[in-house]
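Listed below are the residues making up each chain.
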Amino acid sequence: MSVKEATKTAPAPVRTTAPEPQRPARKHRAWDEVPRWQIYLPLSVYLVFTLIPFYWILLFSLRPAGSTSLVPWPVTFEHFEKVWTERSFGTYFGNSVLVGVATLVMTTIVALAGGYALARFDFRVKQVFLLALLCSQFVPGALLLVPLFEIFAELRMINSLGSVIIAETVFQLPLSMILISNFIKNVPYSLEEAAWVDGCGRMRAFRIVVLPLLRPGLIAVGSFAFVHSWNHFLFALMFLNNQGKQTIPVGLNTLMSADSVDLGALAAGGIIAAVPVVIVFAFIQKWLITGFSAGAVKG
């Protein structure tokens, strides 16, 4: 048999291919078998119980005085006009904005400086200082009233918005400083070192490199300080005696007396007090969640 004929009769070589790698099986999770209605039903019930008080406040603020209807019709804004003009809520609102913004700025600046020192420097009493910051969170604000009142009386700051701003800032600083320090620890130290090599000083490197990365943490700390100072009742009640210097929480308290309560005006004042906080959280919710989650742990 010739070579040519042997080549024709020889079987063709079988082409083999490598088997495809098998994908790992998906892990079975217990909640995959839970029907959707078992998830949505409890959430719906919780949502209803959460929204009913808000609807009740909106109902009392929009329906006419003396009405017992469960639907705010006809809609009236007389309660809003009453609390804004007759009950001086315009003045209370302005005072609350001033206290909230000033507390936000002062708390953020001081907490930023202190948090950077805790995150980047080592000193002998660092652990003791951190322990003191943590222990200060267990002290209720009512215990600070007497010493703060004595200090502000000596400084002649009673019946001044500055006393409330300083008290709110002091009350917010421990938690804010801890959050900022943990957030700074997540920023690689090598970024600052690279800026130093390029000729930047410590302050300029911090301003150019570190500060832009701290935006979520600063927004979280600032918003927390603003909301707390906006809603805090105790310091404004004790340090402010003049009606023209009082804030919204104290103004809401003036709508209630021992004999009667104007529910329509009280509901309208509550909505006026809640609207700025809702607007703030609506715009910063993404940064707020990122800031608190990043500043809560060291990663």
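Right, let's walk through the structure included here. (Residues numbered from 1 in each chain as written. Predicted model: local features only at pLDDT ≥ 70, side-chain atom pairs only at ≥ 80, totals over all residues. Heavy atoms only, no water.)

Notes on the overall build of the protein chain
When you go through the protein chain residue by residue, the secondary structure sums to 13 helices and 0 strands. In sequence order, the secondary structure elements of the protein chain are arranged as α-α-α-α-α-α-α-α-α-α-α-α-α. Within the protein chain, the fraction of its 299 residues that count as buried is 34%. Long-range contacts, defined here as pairs at least 24 residues apart, represent 72% of the contacts in the protein chain between residues at least 6 apart. (Helix = DSSP H or I, 4+ residues; strand = E, 2+ residues; numbered from the N terminus. Buried < 20%, exposed > 50% of the residue type's maximum accessible area, 1.4 Å probe, protein only. Contact = heavy atoms within 4.5 Å.)

Section: helix H3 (residues 78–86)
Looking at H3, one finds that the buried residues are His79, Phe80 and Val83. In a view along the axis of H3, the buried residues occupy a sector of 105°, so they form one face of it. Opposite the buried face of H3, at more than 90 degrees from it, the exposed residues are Glu81, Thr85 and Glu86. Following H3 by one or two positions, Ser88 adopts a phi angle in the positive range, close to 60°. (Arc of directions from axis to C-beta.)

Considerations on the nonpolar core
Core analysis: the largest hydrophobic core is formed by 19 residues, its most contacted members being Leu112, Ile180, Ile184, Phe206 and Leu214. In contact with Leu112, not counting residues within four places along its chain, are Ile180, Ile184, Phe206, Leu211, Leu214 and Leu218. Of all hydrophobic cores here, the second largest spans 17 residues; its members include Leu62, Phe80, Tyr92 and Val227. (Core = buried A, V, L, I, M, F, W, Y, C linked by side-chain atoms within 4.5 Å.)

Some thoughts on the packing of aromatic side chains
The full count for this structure, using the stated rule, is 13 aromatic pairs. Pairwise contacts between aromatic rings join Phe149, Phe152, Phe171, Phe235 and Phe239 into one cluster. Sitting over the ring of Phe60, Arg63 keeps its end group 4.5 Å from the ring centre. (Phe/Tyr/Trp six-rings, centres within 6.5 Å; stacked < 30°, edge-to-face > 60°. Lys NZ or Arg CZ within 6 Å of the ring centre and 35° of its normal.)

Digging into the packing of helix H7 (residues 161–185) against helix H10 (residues 215–231)
Taken N-terminus to C-terminus, the directions of H7 and H10 make an angle of 160°; their axes are 10 Å apart at the nearest point. Here H7 lies roughly antiparallel to H10, going by the angle between them. As for how H7 packs across H10, the hand of that crossing is right-handed. Contacts between H7 and H10 pair Glu168, Phe171, Gln172, Leu175, Ser176, Leu179, Ile180 and Phe183 from the former with Pro216, Gly217, Leu218, Val221, Phe224, Ala225, His228 and Ser229 from the latter. Looking at the contact of H7 with H10 residue by residue, the class counts come to 10 nonpolar, 5 polar and 1 charged. (Axes fitted to C-alpha atoms, helices over the stretch in contact; angles between N-to-C directions. Parallel < 35°, antiparallel > 145°, perpendicular 65-115°, else oblique. Left-handed = near helix turned anticlockwise from the far one by under 90°. Nonpolar A, V, L, I, M, F, W, Y, C, P; charged D, E, K, R; others polar.)

Brief notes about the pattern of salt bridges
Across all of its chains, the model carries 2 salt bridges by this definition. Between Arg120 and Glu192 there is a salt bridge; the shortest N-O distance is 2.6 Å. Here Arg120 is found in helix H4 (residues 89–120), whereas its partner Glu192 is found in helix H8 (residues 189–197), with 72 residues between them in sequence. No difference in accessibility class separates Arg120 from Glu192, as the two residues are buried. Between Asp122 and Lys126 there is a salt bridge whose closest N-O contact spans 3.4 Å. The class for Asp122 is exposed, based on a relative accessible area of 73%. (Salt bridge = Lys/Arg side-chain N within 4 Å of Asp/Glu carboxyl O.)

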